[in-house]
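Structure assessment
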Amino acid sequence: TYVVNEKCIKCKYTDCVEVCPVDCFYEGENMLVIHPDECIDCGVCEPECPVDAIKPDTESGLEKWLELNRKFSESWPNITSKKDALPDADAHKDESEKFQKYFS
Ligand code: F3S
């Protein structure tokens, strides 16, 4: 499966949603997540994200993010079409520690 990581927080560009053939993205206030059981591992979303927030779970260090994607995809609503990015997305795109600062 692919997972959405911290880089999405406060940005939410949603280019990923547009290309997903199985509509497996779910939307929270500050970020999106991928449902790991619905993702078919096609990989088309990965290059679409302008902040590089989507990675295959085979990359190291993503255990926490896989768990978070799984947990929140169970309760957040499905998102199936692209929408405007968050208003300050460009200001937040290179920021670090976004999870501690903004995730709630
Ligand atoms: Fe987030 Fe990137 Fe999609 S910022 S909403 S993972 S295009």
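Heads up: the structure comes first, above all this text.
Report on the accompanying structure. (Residues numbered from 1 in each chain as written. Predicted model: local features only at pLDDT ≥ 70, side-chain atom pairs only at ≥ 80, totals over all residues. Heavy atoms only, no water.)

1. Some thoughts on the environment of G28
As for its position among the elements, G28 is in the loop between strand 2 (25-27) and strand 3 (32-34). You can call G28 buried: its relative accessible area is 7%. With 75 residues separating them in the primary sequence, G28 and F103 have C-alpha atoms 9.9 Å apart. (Helix = DSSP H or I, 4+ residues; strand = E, 2+ residues; numbered from the N terminus. Buried < 20%, exposed > 50% of the residue type's maximum accessible area, 1.4 Å probe, protein only.)

2. Notes on the site of the ligand
In the neighbourhood of the ligand, 13 residues make up the surrounding shell, with C8, T14, C16, L32 and C49 lying closest. Here the residues of the shell around the ligand sort into 10 nonpolar, 1 polar and 2 charged. (Near = heavy atom within 4 Å. Nonpolar A, V, L, I, M, F, W, Y, C, P; charged D, E, K, R; others polar.)

3. A look at helix 2 (residues 63-73)
Every buried residue belonging to helix 2 is among W65, L68, N69, F72 and S73, and all of these are buried. Down the axis of helix 2, the smallest arc covering the buried residues is 115°, so these residues share one side. Turned more than 90 degrees off the buried face of helix 2, the exposed positions are E63, E67 and K71. The inward-facing, buried residues of helix 2 abut strand 1 (2-4), strand 2, strand 3 and helix 4 (98-102). (Arc of directions from axis to C-beta. Contact = heavy atoms within 4.5 Å.)

4. What about the pattern of salt bridges?
Per the stated rule, a full pass over the model turns up 7 salt bridges. Across the pair K82 and D15 runs a salt bridge whose closest N-O atoms are separated by 3.4 Å. Of this pair, K82 sits in the loop between helix 2 and helix 3 (89-92) while D15 sits in helix 1 (residues 15-19), and the two are 67 residues apart along the sequence. Assessed through its relative accessible area of 41%, K82 is described here as partly exposed. Since its relative accessible area comes to 22%, D15 is described here as partly exposed. In this structure, R70 and D37 form a salt bridge, with 3.1 Å as the shortest nitrogen-oxygen distance. With R70 in helix 2 and D37 in the loop between strand 3 and strand 4 (54-56), this pair connects stretches of sequence that are 33 residues apart. Classification of R70 by relative accessible area gives partly exposed; the value is 36%. (Salt bridge = Lys/Arg side-chain N within 4 Å of Asp/Glu carboxyl O.)

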